[in-house]
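# Coordinate inspection notes
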Amino acid sequence: MNMKTNKLSILLVAIIAISISSCTKTFEKYTQNPNQPTSVPAYLLLRQIENNIFVAPGNDEEKWSQYTLSTYTYYGTNEYWTGSASLNYNTLQNVVAMEKEAAKASANATDITPYSALAKFFKAYIYINMSMKVGDIPMSESLKGLANPTPKYDTQKQVFVQSLQLLEEANSQLATLIANSNTALLGDFYFQDKISGGVDPLTALKKWQKVVNTYKLRVLINLSKKSTDADLNIKQKFADVLGNPTKYPIMTDMSDNWEYVYNSAYNQYPNNKNNYGNDALRLCVASTWLNTLSSLKDLRAMKVADPARGLGFSDTSYKSFVGGGAGEDMSVLGGNIVALKISPIGRKRYYDGFTGENTFLVGYPEMCLNIAEAINRGWVTGSADSWYQKGVKAMFSFYGITDGANTVSFLKGTAPGDYVNYTVNFSFADYFNQTAVKYAGDNTTGLNQILTQRYLSLARNSGLEGYYQWRRTGVPDFNAGPGTGNSNIIPLRFQYPSSELSTNKTNVTAAITSQYGGKDDINAKMWILQ
């Protein structure tokens, strides 16, 4: 082949290559859907994340925490689970995407943004929630997609160590943003775009910082069985938060609650006037919650339930407020509600409109009682009684209970909206002077009093926290029997998702073996309970 021919061949190859490249680019150009976004702004992802982590009342979580129960099998039973948990790695993927989108939109990819700070908090919150259900979970190697489709499992202890560090970093980043008067936050419907009482972006960041540190106190309290673990150092971490409110601001009143607020237009409370007919005789108050209130002569009983008139007592007698036992057979519960021998859920509070009550994710009353518990346990100094009473009184305010005359309203008969009203006097002093309520001191009795009120503060809110408290402390006594299933035993954990056995079998099997002797047992004790 002569030189001329060789040059011509090279030229033809180049032309063909350019043509193919051009065709490829043209193909890629025309196969892109201009109506299909290739990225989502961080603020839209934030809204999705905030919505996904919310646990609404009226679901299994509050049944398993024994606040409400079903009396009609068609709408569900009161049995606990027998299988696996639903884990939230998809939501975590959105958290990662939110971080990336915020970094892309920032002048410098390493800049601290409101989304990077909140991402650290959401990661800690979600990883801990998942671990509390099953035990060990993938964390350090998770969320890598095809780069690592079979992540190893971190021990539950490692999950908590890493999550506590994430909370520390979230607090630090929020402090920096607040010091710089950052107003870049968008898409937050919990504080900034709240249905009523929304705040400016900077104030919202201040609220979120309080949430982060208040949640940290919950995490540390849930680690109470590990108070001597040097790696966790939970006593010192708790003391650090309480001892430095400038660095670690926490909630100061009910306005700081991290809560879901309802409205009548598009996000209605699950129990409302439109579904009264569906719920009327099938959703009742569980005895674990209501009988505790009644035994303490606590006016909250008359706010959350209607009287069981079949018992023959007056409408405002605490003897008329009796819950159903979660462990009872469904046929017994069904007969008792028809005979008006147990209390239905409060008609006025939950069915008179569409907004019910706000649902806490992390609330001020619980925080007060967490601090009281820490003082009782000797982790920090202070007056447990003072924090105990603050927490209880905050919950009274949530239910609209005042010191003095209070109005309670009950359904007259069965027709919705037709109520009879009563005036009931309630004295805070008398309530706290009862032997069962008056703080007995920094001892076991005092601790049980704090835990009882903490359980009451978690009613119909905070997901599974009421159940987690029982699992950790045994307070209050849970009702078990044929109605709760599992051979009359309240389970202690969920099984791992079956999908893990097909996609990550080696690692999930190793985790089950190291924790539970090779059996994915719902009655086995995870590390945090040992």
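Residues numbered from 1 in each chain as written. Predicted model: local features only at pLDDT ≥ 70, side-chain atom pairs only at ≥ 80, totals over all residues. Heavy atoms only, no water.

## Section: the environment of A147
- Among the secondary structure elements, A147 is positioned in the loop between α5 (114-134) and α6 (156-179).
- Relative accessible area serves as the criterion here: at 72%, A147 is assigned to the exposed category.
- In this structure, the C-alpha to C-alpha distance between A147 and S514, residues 367 residues apart in sequence, is 26 Å. (Helix = DSSP H or I, 4+ residues; strand = E, 2+ residues; numbered from the N terminus. Buried < 20%, exposed > 50% of the residue type's maximum accessible area, 1.4 Å probe, protein only.)

## Some words on the packing of α5 against helix α7 (residues 201-222)
- Between α5 and α7, the least distance of the axes is 11 Å, while the angle of their chain directions is 25 degrees. Regarding the angle of α5 to α7, the classification is roughly parallel. As for the relative orientation of α5 and α7, their crossing is left-handed in sense. Residue-level inspection shows P114, L118, F121, F122, A124, Y125, I128, N129 and M132 of α5 in contact with α7, the latter providing L205, W208, V211, V212, Y215, V219 and N222.
- Of the residues contributing to the contact of α5 with α7, the split by class is 14 nonpolar, two polar and no charged. (Axes fitted to C-alpha atoms, helices over the stretch in contact; angles between N-to-C directions. Parallel < 35°, antiparallel > 145°, perpendicular 65-115°, else oblique. Left-handed = near helix turned anticlockwise from the far one by under 90°. Contact = heavy atoms within 4.5 Å. Nonpolar A, V, L, I, M, F, W, Y, C, P; charged D, E, K, R; others polar.)

## Focus on the side chain of Q469
- Of note, Q469 is situated in helix α18 (residues 465-473).
- Since its relative accessible area comes to 0%, Q469 is described here as buried.
- Setting aside its immediate chain neighbours within four residues, Q469 contacts L451, T452, R454, Y455, G474, V475 and P476.

## Some thoughts on the pattern of salt bridges
- Evaluated as defined, the whole model comprises 25 salt bridges.
- The partner of D256 in a salt bridge is K210, with the nearest N and O atoms 3.2 Å apart. You can see D256 sitting in the loop between α8 (234-243) and β2 (258-260) and its partner K210 sitting in helix α7, a full 46 residues away along the chain. Each member of the pair, D256 as well as K210, is classed as buried.
- A salt bridge links E366 to R454, with the nearest nitrogen and oxygen atoms 3.2 Å apart. Taken together, the residues span a long stretch of sequence, with E366 in helix α14 (residues 364-376) and R454 in helix α17 (residues 444-457) at a distance of 88 residues.
- Among the residues examined, E366 registers a relative accessible area of 3% and is labelled buried.
- Each of R218, E366, R454 and E465 takes part in salt bridges that share partners, so that together they form one network. (Salt bridge = Lys/Arg side-chain N within 4 Å of Asp/Glu carboxyl O.)

## Details of the nonpolar core
- In this structure, F121, F122, W208, W258 and W289 are the most contacted members of the largest nonpolar core, which totals 143 residues.
- The element that contributes the greatest number of residues to this core is α5, accounting for 14 residues.
- Setting aside anything within four residues of it in sequence, one finds W208 in contact with E50, L118, F121, F122, L174, D188, Y190, F191 and W258. (Core = buried A, V, L, I, M, F, W, Y, C linked by side-chain atoms within 4.5 Å.)

## Examining unusual backbone geometry
- For the peptide bond that leads from V475 to P476, omega is -5 degrees, which places it in the cis range.
- Along the polypeptide, P476 turns up in the loop between α18 and α19 (498-503).
- Positive phi, close to 55 degrees, is recorded for S181, a residue that is not glycine.
- Looking at the element boundaries, S181 is found in the loop between α6 and α7.
- Even without being a glycine, K297 presents a positive backbone phi close to 50 degrees.

## With respect to the packing of aromatic side chains
- By the definition in use, this model includes 49 aromatic pairs.
- The interplanar angle of 65 degrees and the centroid separation of 6.5 Å between the aromatic rings of F54 and Y262 together place this pair among those described as edge-to-face. On the criterion of sequence distance, the pair formed by F54 in the loop between α2 (42-52) and α3 (60-64) and Y262 in the loop between β2 and α9 (276-279) is long-range, its members being 208 residues apart. The exposure classification of F54 matches that of Y262, with both residues buried.
- The interplanar angle of 85 degrees and the centroid separation of 5.8 Å between the aromatic rings of F122 and W208 together place this pair among those described as edge-to-face. Residue F122 is located in helix α5, and its partner W208 is located in helix α7; the two are separated by 86 residues in the primary sequence. As far as burial versus exposure is concerned, F122 and W208 are alike and both buried.
- In this arrangement the basic side chain of R349 is found over the ring face of F398, its NZ or CZ atom lying 5.4 Å from the centre.
- Directly above the aromatic system of W387 lies the positively charged group of K390, at a separation of 4.1 Å from the ring centroid. (Phe/Tyr/Trp six-rings, centres within 6.5 Å; stacked < 30°, edge-to-face > 60°. Lys NZ or Arg CZ within 6 Å of the ring centre and 35° of its normal.)

## Examining the confidence of the model for the chain
- Here the chain shows a mean pLDDT of 93. Residues at 70 or above account for 93%.
- Here residues 1-28 is modelled with pLDDT under 50, and outside its nearest four sequence neighbours on either side it reaches two contacts, counting other chains as well. (pLDDT = per-residue confidence, 0-100.)

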